[in-house]
Amino acid sequence: MASGPRKQERWNLYGTATVTYDQKSGRVTLPADWEDINRHIAKITPNPEGEYLELRNAHFYDEFVSNVRTALKDQDLACIQAILVDYVGLTADLQIDANLRVIIPKRFRDIFDNSDQAVLVAIGDVIQIWPAELYEKAQQSRREALRQGYQNIAKKLIMGVSHEEEVEVDESQHWFG
């Protein structure tokens, strides 16, 4: 019995890891427990703010581009062009080998400057690849935004309230002081 092509599955990764970045080759090795993504073809795109690189499963990249286009519907022409040309348009193909190694294309390596460490942040289908110094530098402002944002959604998260339901929040209760 002949087997058909293997069904492509979404990455379902969550976590953070600090790994070695080889400045000469641009090589980064992904954590061993992310083994379900080996031998995948991926897409890599520099974050528009220049802080990190975004690694995505190539099989679902068109869905991402469709989401970008939908988000751009109400934007002005200059914004649309900037996002499509200087964000989506800079995307490159990337191979993840059987040892979970990736080689970052030369044109994207400037972000690492003299860094020999990378921080990988996996969020579902996306892996952010940060130079360790930039990750740490941005961490304080991210944590402050987390504290503020979490206070706004904590009750919904804890109570399991769907986004369609209205929730009255008693401001006198501080669950997470």
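Our subject is the structure that appears above.
Residues numbered from 1 in each chain as written. Predicted model: local features only at pLDDT ≥ 70, side-chain atom pairs only at ≥ 80, totals over all residues. Heavy atoms only, no water.

What about the overall build of the protein?
The helix and strand inventory of the protein stands at three helices and eight strands. Secondary structure of the protein in N-to-C order comes out as β-β-β-β-α-α-β-β-β-β-α. Out of the 177 residues belonging to the protein, those deemed buried represent 34%. Here the contacts in the protein between residues at least 6 apart in sequence split such that 61% fall between residues at least 24 apart. Accessible surface, the protein: about 11900 Å² in total, of which carbon and sulfur atoms supply 49%. (Helix = DSSP H or I, 4+ residues; strand = E, 2+ residues; numbered from the N terminus. Buried < 20%, exposed > 50% of the residue type's maximum accessible area, 1.4 Å probe, protein only. Contact = heavy atoms within 4.5 Å. Areas by Shrake-Rupley, 256 points an atom, 1.4 Å probe, with all protein chains shown as cover.)

Observations regarding the nonpolar core
Grouped burial of nonpolar side chains is what soluble globular proteins tend to show. Counting 27 residues, the largest nonpolar core has Ile 37, Ile 44, Leu 55, Ile 96, Ile 104, Ile 127 and Ile 129 as its most contacted members. Contributing elements (two or more residues each) for this core: strand E1 (13-22), strand E3 (41-46), strand E4 (53-57), strand E5 (92-95), strand E7 (117-124) and strand E8 (126-131). Once residues lying within four places of it in the same chain are set aside, the contact partners of Ile 104 are Tyr 21, Gly 26, Val 28, Ile 44, Leu 53, Arg 109, Phe 112 and Ile 129. (Core = buried A, V, L, I, M, F, W, Y, C linked by side-chain atoms within 4.5 Å.)

Some thoughts on the sheet that holds E5
Across the sheet, eight strands lie side by side as E5-E3-E4-E8-E7-E1-E2-E6; this open sheet has antiparallel pairing. In this open sheet, the two edge strands, each paired with only one partner strand, are E5 and strand E6 (101-103). Pairwise comparison of adjacent strand axes, ignoring direction, gives a mean angle of 30° for this sheet. Where strand E2 (residues 27-29) meets E6, three bridges bridge the pair, whose relative direction is antiparallel. Looking at the pairing, Thr 29 lines up with Arg 101 of E6. In the packing of helix H1 (residues 61-71) onto the sheet, contacts are made with E3 and E4, and the angle to E4 comes to roughly 120°. Contacting E1, E7 and E8, helix H3 (residues 132-159) crosses the sheet at an angle of about 105° to E8. (Pairing = 2+ DSSP bridges. Axes fitted to C-alpha atoms, helices over the stretch in contact; angles between N-to-C directions.)

Regarding a negative patch on the surface
There is a patch of like negative charges on the surface, built from Asp 110, Asp 113, Asp 116, Glu 133 and Glu 136. Here Asp 116 is to be found in the loop between E6 and E7. (Patch = residues over 30% accessible without salt bridge, like charges linked within 9 Å, V, L, I, M, F, W, Y side chains within 5 Å. Salt bridge = Lys/Arg side-chain N within 4 Å of Asp/Glu carboxyl O. Lys, Arg positive; Asp, Glu negative; His and termini not counted. Charge placed at Lys NZ, Arg CZ, Asp CG, Glu CD.)

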